Amino acid sequence: MIDALILTILMTSVPLVLAATGELVVERSGVLNLGLEGMMLMGAVSAFAFTYATGSLFIGLLAGIISGAVTAAIFGFFVLGLATNQVATGLALTIFGTGLSGLIGADFVGNAITGLPTLFPKHFGDIPFIGAFLSLDIVAYSSVIIVFLVWVFLFKTKTGLILRASGISHDSAHSLGYSVLKVRWCAVLFGGMMAGLSGAYLPLMLTPHWSEGMTSGRGWIALALVVFASWMPSRIIYGAILFGTITIMQLAGQARGWTIPPQLLSSLPYLATILVLVLISIRGSAKHAAPSNLTIPFISSK
Amino acid sequence: MKNNSLMKFGGIVMAVTAFFYFAMNTNQAVDAKSKMKVAFVYLTNPGDHGWTYAHEVGRQQVEEHFGDAVETVYVENVPEGPDATRVIRELAQNGNDMIFTTSFGYMEPTLKVAKDFPDIKFDHITGYMRADNMATGNIRFYEGRYVQGVVAGLTTKSNKIGYVAAFPIPEVIQGINSFAQGLRSINKDATISVVWANTWYDPVKEGDAAKVLIAEGADVLAQHTDSPAMLQTAEKAGVHGFGQSSDMHDFAPNAQLFASVNNWGPYYVSQIEKAIDGSWNTGEGPDHWAGNTWKGLSEDFLVLTDFKNMPADVADAAQKARDGIADGSINIFSGPMSDNEGNQILATGEVLDDGGLWAMNYYVEGVIGKIPN
């Protein structure tokens, strides 16, 4: 019983981890992309459409990743190419992705597919204590590896240092001879790929069908998660599991007849994020603060 | 600088609004003769399952039934609120004789426009506000839930039933209580655990709620939310469940026991017939939400799909319950009936009237927990 609950919590956390990790890299480079929801939906609809048409989950995943990147490229064109306002462009991207995915997906509503298989044989799930952790699919395990690799990249490699520098002071990075725009382009595309993969996880694993707007605000939770994690990769995993636990426990609490108002519990992820923001601002430590050039367009003065 | 970006933002919002305005699919009629013109307003694209789809099927039945005598038009993707007022007003100005507005949030827009067009008949689905020329349409959805309860009572082995619900409003509570009455008519040991998703539509959350209920031991699931996620979860976990609004067999071929399907065609046909022969009215009064047109299984406003994935004797019991409700021999809410805290609601021989149905703010016996407020 408890195992099943843990498994549910882990699976709910996977799309949050994926999308938030991508967005973390984007924000570390100094760009805020509020279009997560739109990119996730584009990833979700493409993944479903291609899986449905070809019968291959692998092609579906790939399609999700690519269409996330393509959607992000539209964002990049405006924000990096034309230096438009990042907040406004990101919001527009969400609206655009929601509408376009609904249009593309209209013909696929009402169809079902078989979701991703678990990586290990089914009876591994019966092992006490660790069963839930052995009942996941390849994307779930990959998400942890990706977070680790992102941490290594950001804090142990020179390229990662350049990326962080672009986010903290793009003028300094520029004067040292690094191409801020190129770095940000790569970050934005990576963020799009991760959002696309995150979106793909919904119709391929969690609920094997497509329906309009099926992310239902998970992109916004992922955005909150980046702040909650104070831009540190590993904390995204803790945060996602915490958010997932709150979500699932409020459902389980109801099933057991506990009398906690579910509305209060549903708002906890956002309250926790605000609390973290307050803590960051009280402690005033630069290490945990937002990248100082976040949302500021870089215009090279040559 | 700040001003500039604000203006940019405003510009984008306006552009996007304009885009949606023009993208809204207006399927407008052209030729105007003496035939009756009927318009429908839809919340979403009809697609091929769910709430709006059921209305679109009803509209097609109207076309089929009346042939050339009635002409129908529809507008889809109409957001609730001011946009709805504009669309409904436009339909009224374009010479439609009757306008069906098919979502709860169209209630006030419909009322507003109805006041300005006293000669046009408006029919709002579903809500509680009425005018001299505005009726409320509804279906006795809860009747299907009783049959679900009967089947659940005979199917469950763990005696634990899971119920994924949207919002604690009377319509949903009626459904839970009706389900419980059906369940307890067969199986007094079984209980219902309700999980409120606080949304009509969030596939992941609905799926999570189903997983949690299964983890808590439930082996039959019911839902009052809109996506097929719960049934897909049931299918994967090897338990059973019931479809919502339309047949969800394709999503869960082994899990779906049956689905209650909203069948608006007969309602539309009867309302339009009444409008033609002059007997159209808006219902009985403010204490009955849906007025005297509120029907269910008896008039086929609500139909049940084939009983599947159950033994023949269970299917027989389900059919009996269905027929009993349809012919009136089963009264779902009749005494003795208590709430789940032991307070008597109905004494032996008493039955609940429609006003009582719309005032339900309690769970009946068999349901665990309290209604959140």
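Source: prediction; values computed, not measured. (Residues numbered from 1 in each chain as written. Chains lettered and ligands numbered in written order. Predicted model: local features only at pLDDT ≥ 70, side-chain atom pairs only at ≥ 80, totals over all residues. Heavy atoms only, no water.)

Engineer: Please give an account of the pairing of strand β10 (residues 240-245) of chain B that cites residues and values.
Structural biologist: All names here are of chain B. Across the six residues of β10, five count as buried, placing the element largely inside the fold. Bridging between strand β9 (residues 220-224) and β10 involves two bridges; their strand directions are parallel. Following the sheet pairing, Val220 is matched in β10 by His240. With helix α8 (residues 229-237) bridging β9 and its parallel neighbour β10, the resulting β-α-β unit is right-handed. Of the pairings in the sheet, the one linking β10 to strand β11 (residues 256-262) comprises four bridges and is parallel in character. Across the sheet, the residue bridging to Gly243 is Ala259, located in β11. (Buried < 20%, exposed > 50% of the residue type's maximum accessible area, 1.4 Å probe, protein only. Helix = DSSP H or I, 4+ residues; strand = E, 2+ residues; numbered from the N terminus. Pairing = 2+ DSSP bridges. Right-handed = clockwise from strand over helix to strand, strands pointing away.)

Engineer: Explain the interface of chain B and chain A to me, using residue names and the numbers behind them.
Structural biologist: Every contact between the two is made by 37 residues of chain B and, on the other side, 41 residues of chain A. Taken together, the links from chain B to chain A amount to two salt bridges. A salt bridge links Arg256 of chain A to Glu216 of chain B, with the nearest nitrogen and oxygen atoms 2.8 Å apart. The tally of links between chain B and chain A comes to ten residue pairs in polar contact (both at pLDDT 80 or more). Take the side of chain B that touches chain A: its biggest share by element is nine residues, from helix α7 (residues 203-215) of chain B. Of the residues belonging to the side of chain B that touches chain A, the class tally is 19 nonpolar, eight polar and ten charged. (Contact = heavy atoms within 4.5 Å. Salt bridge = Lys/Arg side-chain N within 4 Å of Asp/Glu carboxyl O. Polar contact = N/O pair within 3.5 Å; in protein donor to acceptor, adjacent residues only side chain to side chain. Nonpolar A, V, L, I, M, F, W, Y, C, P; charged D, E, K, R; others polar.)

Engineer: Give me the packing of aromatic side chains: which residues, what numbers.
Structural biologist: All names here are of chain B. Evaluation of the coordinates by the stated rule reveals 26 aromatic pairs over all chains. Here the aromatic rings of Trp264 and Tyr268 are separated by 6.4 Å at their centres, their planes lie at 25 degrees, and the arrangement is stacked. Of this pair, Trp264 and Tyr268 both sit in helix α9 (residues 264-277), four residues apart, roughly one helical turn. Joined through ring pairs, the aromatic side chains of Phe40, Trp51, Phe100, Phe141, Trp264, Tyr267, Tyr268 and Phe301 make up one cluster. (Phe/Tyr/Trp six-rings, centres within 6.5 Å; stacked < 30°, edge-to-face > 60°.)

Engineer: Hey, could you go over the environment of Leu302 of chain B for me, with residue numbers and the actual values?
Structural biologist: All names here are of chain B. Tracing the sequence through the fold places Leu302 in strand β12 (residues 302-304). Taking the C-alpha atoms as reference points, Leu302 and Pro168, separated by 134 residues in sequence, lie 22 Å from one another. Other than its neighbours up to four places away in sequence, Leu302 contacts Ile139, Arg140, Phe141, Glu143, Gly144, Ser260, Val261, Asn262, Gly296 and Leu297.

Limitation: the analysis is restricted to geometry and does not speak to function.
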